[in-house]
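Chains, contacts and geometry: an overview
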Amino acid sequence: MRQRNKPWAREKLASYPQYIIQEPKEQKGQWQACFGNNRPLHIEIGTGKGRFITGMAKQNPEINYIGIELAESVIVSALDHIIEEELPNVKLMNIDAAELREVFEKGEVDRIYLNFSDPWPKKRHAKRRLTYQTFLSLYEDILPPHGEIHFKTDNQGLFEYSLMSFSQYGMILKYVSLDLHQSDYEGNIMTEYEEKFSNKGSRIFRCEVQYR
Ligand code: SAM
């Protein structure tokens, strides 16, 4: 995603502590207390401008959501969505997914969403893909046994690679769609990238996979 330099972004993020988690590592093991209830917690990694996570939070008030985004300049747009909607069940975190183990205890996260993750098409960059085996191991460490990842993308190369990666890791492929918008899947919440690429005529690939 193109990231413009927004020097005011940090200040704005700091002024909404009810939505932007300021010291995420200090909340490790205490996420239910942070939300003030014991509802399930679903996270989206690479949340971008936040349309998906706020849409999901609105659609499913019985679930808590955290959007995780590396780019400060992008997460401010997600914050704007949350401020506008005044949703109590969604928060954002400005960290690198590589730090997830420092932020969540084993089993604290009930589901992980990966939407339109950066494809890193060059083979020498494969380790940066969010479906690379080291990330799958990281996710396994914060999910409960049999936890699930729900993944969608417009990028066929990344999708094929990811199905292989999930499978080689020993995960169960529970659902695969090679054309989400023509499938019978209900309740889809579009992301910003999903809208952009589907408007250009791209197919959207989606899968749900589960750890053994
Ligand atoms: N999910 C959004 C959508 O579908 O519209 C954004 C997709 S964009 C292609 C990928 C996003 O993932 C970018 O905003 C990028 O900053 C973020 N990202 C990439 N690597 C990340 C990481 N290791 N940890 C957290 N966010 C990451």
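Throughout what follows, the structure given in this document is the object of discussion. (Residues numbered from 1 in each chain as written. Predicted model: local features only at pLDDT ≥ 70, side-chain atom pairs only at ≥ 80, totals over all residues. Heavy atoms only, no water.)

**Regarding the site of the ligand**
Our working rule: Think of it this way: one heavy atom of a residue within 4 Å of a molecule or strand is enough to make that residue near it. We call two N or O atoms a polar contact when they sit within 3.5 Å, provided that within protein one can donate a hydrogen and the other can accept it, with sequence-adjacent residues counted only if both atoms are side-chain atoms. Accessible surface is estimated by sampling points in the Shrake-Rupley manner with a 1.4 Å probe; for residues, cover comes only from the protein chains shown. Residues are grouped as follows: nonpolar covers Ala, Val, Leu, Ile, Met, Phe, Trp, Tyr, Cys and Pro; charged covers Asp, Glu, Lys and Arg; every other residue, Gly included, is treated as polar.
In the neighbourhood of the ligand, 19 residues make up the surrounding shell, with G46, E69, A97, N115 and T191 lying closest. T191 is positioned with one of its side-chain polar atoms (N or O) 2.7 Å from an oxygen atom of the ligand. For the ligand, whose unbound accessible area comes to 600 Å², protein coverage reaches 93%. Partitioning the shell around the ligand into residue classes produces eight nonpolar, six polar and five charged.

**Considering the sheet that holds strand β4 (residues 111–115)**
We count it as follows: For two strands to pair, DSSP has to find at least two bridges joining them. For the purposes of this entry, the term helix denotes a DSSP run of H or I that reaches at least four residues, the term strand denotes a run of E that reaches at least two, and both are numbered from the N terminus. Fitting a line to C-alpha atoms yields each axis, with helices limited to the stretch in contact; the angle taken between N-to-C directions then spans 0 to 180 degrees.
Strands sit in the order β3-β2-β1-β4-β5-β7-β6 across an open sheet of seven strands; the sheet is mixed. Where the open sheet ends on each side, the last strands, each with one partner, are β3 (90–93) and β6 (172–177). Neighbour to neighbour, the strand axes of the sheet diverge by 15 degrees on average, direction disregarded. As judged from the five bridges shared by β4 and strand β5 (residues 148–153), these two strands associate in the parallel manner. For I112, the partnering residue across the bridge sits in β5 and is I149.

**Considering the nonpolar core**
Formally: For this analysis, a nonpolar core means a set of buried residues of the types Ala, Val, Leu, Ile, Met, Phe, Trp, Tyr and Cys, connected via side-chain atoms within 4.5 Å. Relative accessibility decides the category of a residue: with a 1.4 Å probe and only protein chains considered, values under 20% of the type maximum give buried, values over 50% give exposed, and everything between is partly exposed. In this description, contact between two residues means that some pair of their heavy atoms is separated by no more than 4.5 Å.
Counting residues in hydrophobic clusters, the biggest one holds 36 residues, and the most contacted among them are I43, I66, L100, F104, I112, Y139 and I149. Residues in contact with I149, not counting those within four places in the same chain, are I112, L114, L136, Y139, F166, M171, C207, E208, V209 and Y211.

**Focus on the side chain of E208**
If you trace the backbone, E208 turns up in strand β7 (residues 205–210). Owing to a relative accessible area of 14%, E208 belongs among the buried residues under this scheme. Here R206 takes part through its side chain, which lies 2.9 Å from a polar atom of the side chain of E208. Those residues in contact with E208, other than ones at most four positions away along the chain, are E148, I149, H150, I172, L173, K174, Y175 and Y185.

**As for the packing of aromatic side chains**
Selection criterion: Think of it this way: a Phe, Tyr or Trp ring, Trp meaning its six-membered ring, pairs with another when their centres are within 6.5 Å, and the plane angle makes it stacked under 30 degrees, edge-to-face over 60, tilted otherwise.
In this structure the tally under the stated criterion is nine aromatic pairs. Relative to Y113, the ring of F52 lies with its centre 5.1 Å away and its plane at 65 degrees, an arrangement referred to as edge-to-face. With F52 in helix α3 (residues 51–59) and Y113 in strand β4, this pair connects stretches of sequence that are 61 residues apart. Judged by relative accessible area, which is 4%, F52 ranks as buried.

**Examining the environment of R206**
Here R206 is to be found in strand β7. For R206, a relative accessible area of 4% gives the class buried. Measuring from C-alpha to C-alpha, the distance between R206 and G29 comes to 31 Å, with 177 residues separating the pair along the chain. Excluding residues within four positions of it along the chain, R206 makes contact with H150, F151, K152, F159, Y175, V176, S177, L180 and Y185.

**What about the pattern of salt bridges?**
The test is simple: In the sections that follow, a salt bridge refers to a side-chain nitrogen of Lys or Arg positioned within 4 Å of a carboxyl oxygen of Asp or Glu.
Enumeration over the complete set of coordinates arrives at ten salt bridges. In this structure, the salt-bridge partner of K12 is D80, at a minimum N-O distance of 2.5 Å. One end of the pair, K12, is in helix α1 (residues 9–14); the other, D80, is in helix α4 (residues 72–85), and 68 residues separate them in sequence. You can call K12 partly exposed: its relative accessible area is 23%. The class for D80 is partly exposed, based on a relative accessible area of 36%. One network of salt bridges, with partners in common, ties together K25, E99 and E102.

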